[in-house]
Amino acid sequence: HDVAREHAFATHLGPLGVPTPTPRDLCRDTKVLGTEFWVYDFVEGRHFRDPYLEKASIQDRPGLFFATAAAAARLHGAAPPPELVE
């Protein structure tokens, strides 16, 4: 995928309130790792691969679902940078 485009979106969306790690740098030199890459801050939190959140407690699930919906709403309410719209 287009790593530079991903970096540009994260750089643009973070200040708009969309939860994204803070981008630090984009490396276009493929000699470093064999591909382009970008570096971003570590974000403390929990990661769930299961959409049903079976590993989350019953008490935690409503808050997790609401937080997910709020993040999706912020994402869908943010205009993309015009130069990246195809």
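For the structure itself, look to the data block above.
The structure reproduced in this document is the subject of the present report.

Calculation notes
- All residue numbers here refer to positions counted from 1 along the written sequence of the relevant chain.
- Residue-level local features of this predicted model are given only where pLDDT is at least 70; pairs of side-chain atoms are given and counted only at 80 or more, and the full residue set underlies all totals for whole chains, interfaces and linings.
- The basis for the side-chain values is all heavy atoms of the structure; hydrogens and waters are excluded.
- Here a salt bridge means any side-chain nitrogen of Lys or Arg lying within 4 Å of a carboxyl oxygen belonging to Asp or Glu.
- Helical segments are the DSSP runs of H or I of at least four residues, strand segments are the runs of E of at least two, and each set is numbered from the N terminus.
- Burial classification: accessible surface area is computed with a 1.4 Å probe over protein chains only, and a residue below 20% of its type maximum counts as buried, one above 50% as exposed, and the rest as partly exposed.

**Quick notes on the pattern of salt bridges**
Alright, step 1. Tallied over the full model, the rule gives 3 salt bridges.
Alright, step 2. We note a salt bridge from aspartate 41 to arginine 24, for which the minimum N-O separation is 2.7 Å. Here aspartate 41 is found in the loop between strand 2 (37-40) and helix 3 (61-77), whereas its partner arginine 24 is found in strand 1 (residues 23-27), with 17 residues between them in sequence.
Alright, step 3. The salt bridge partner of arginine 46 is aspartate 60, with a shortest N-O separation of 3.3 Å. Here arginine 46 is found in the loop between strand 2 and helix 3, whereas its partner aspartate 60 is found in the loop between strand 2 and helix 3, with 14 residues between them in sequence.
Alright, step 4. The exposure class assigned to aspartate 60 is partly exposed, which follows from its relative accessible area of 31%.

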